[in-house]
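Descriptive structure summary
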Amino acid sequence: MLLSCGDALIDFLPVNSADGRDALVPVVGGSCLNIAVGIARLGAPAGFVGGISTDLFGRMIAEHSRASQVDLRYAARSSRQTTLAFVRVVDGEPQYVFYDEETAARHWIYRQGSMRFAEIDVIHVGSTTLVDGRAAAQTMGMIEDGRGSTTISFDPNCRPDLISDKAEYLHRMDQFAARADIVRLSDSDFTFLYGGSDYAGKAEALLAAGTGLFVITRGAQGAQAWHGRAGVIEVPAPAIDVVDTIGAGDSFQAGLLFALRAMGRISAGPLARMSAHELNRALAFAAACAAFTCGRPGADPPRLSEIGAGPIDALFGKGSAPG
């Protein structure tokens, strides 16, 4: 199973109402839940770890998750309210305002011994849950228990409007990155955290410290990855008509983790032995997943049948896709 731990929330997306006025539509989202949904829709066993409310919005989240076959056995239900995010698209990029005080996501508690790490291929962590020191500490406790038994994936998915102490937040993100086997950042997250674009310098430092794979996603410019054996790999972004970019990075991460598992390269040893050709295939598949998401509104990850024959054949070999 592939697990994603972190935020599950409701995005209020801008739309035009029937009478032409601006309106908002509630849609299930949250980076980490999107990743679990994305993996499950591609056909791998996926689960979500974190807090989900029992309120109206929490029930929407649970129903949405189950509809995509996301396992919620490790989710903690509580009566605390659901995190809400109001989205505005400016120059094609989403901007967010969050209501996240005392929510179910922030009050998730990791209980030692509650997870069978030997049965878990990967645990992905990141996003808004790690802004809060209490929730971040629970997540770190889970990672410390799981390291060595399962692969750790990390994407900070920064939300600057939620961060009051950037130095403290940066230190926390570096702590999570140092414990991860797979680290992905968007170019905007890298700029926010580290300034500039010295991706290679950061990659060198992480690989030297034990990270297996470091990836930077750059929107329409594609993705770039650094790996100890495969070297530096770049893949282009497929040309599409973009509706919005909400959830694109989440779909990329879901596609990448799915592809690595499908190739038998998800655990630390096989990941370290991955070839340049294999890494290129995995990145290209992930980019295809992200591009598909950009072609329709909101965070709506694709199913394997929607991706198209090209990326699927490139990953599995022609005519050999599962299912």
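Residues numbered from 1 in each chain as written. Predicted model: local features only at pLDDT ≥ 70, side-chain atom pairs only at ≥ 80, totals over all residues. Heavy atoms only, no water.

1. Quick look at the nonpolar core
We apply this condition: We call a set of buried residues a nonpolar core when its members are Ala, Val, Leu, Ile, Met, Phe, Trp, Tyr or Cys and they connect through side-chain atoms within 4.5 Å of each other. The buried label goes to any residue with under 20% of its type's maximum accessible area, the exposed label to any with over 50%, and the partly exposed label to all in between, with areas taken from a 1.4 Å probe on protein chains only. Numbering goes from the N terminus for both helices and strands, where a helix is a DSSP run of H or I of at least four residues and a strand is a run of E of at least two. Any two residues whose heavy atoms approach within 4.5 Å at even a single point are treated as in contact.
Membership of the largest hydrophobic core comes to 58 residues, with the highest contact counts inside it found for F48, F252, L256, L260, L283 and F285. Per-element accounting of this core gives the leading share, ten residues, to helix α9 (residues 276-294). Dropping the residues within four chain positions of it, L260 is found in contact with I182, L213, R265, I266, L271, M274 and A282.

2. Quick word on the sheet that holds strand β8 (residues 93-99)
Worth spelling out the cut-off: Strands pair, by our definition, only if DSSP identifies at least two bridges between them. Throughout, an axis means a line fitted to C-alpha atoms (over the contacting stretch in the case of helices), and angles, computed between N-to-C directions, take values from 0 to 180 degrees.
The strand order across the open sheet formed by four strands is β3-β2-β7-β8, and the pairing between neighbours is mixed. Looking at which strands have only one partner, the edges of the open sheet turn out to be β3 (22-29) and β8. Shown here is a sheet whose adjacent strand axes are inclined to one another by a mean of 30°, direction ignored. Note that strand β2 (residues 9-16) and β3 share eight bridges and pair antiparallel. Within β3, the residue paired with V15 across the bridge is A23.

3. Here's the deal with the pattern of salt bridges
Formally: The salt bridge definition used is simple: a Lys or Arg side-chain nitrogen within 4 Å of an Asp or Glu carboxyl oxygen.
Enumeration over the complete set of coordinates arrives at 19 salt bridges. Of the charged contacts, one joins D71 and R73 as a salt bridge, the two residues approaching to 2.7 Å between their closest N and O atoms. For D71, a relative accessible area of 22% gives the class partly exposed. With a closest N to O distance of 3.3 Å, D121 and R261 form a salt bridge. Linking D121 in the loop between β8 and β9 (122-126) with R261 in helix α7 (residues 248-262), this pair joins segments that are 140 residues apart in sequence. Salt bridges linked by common partners bring R80, D100, E102, R106, D132 and R134 together as one network.

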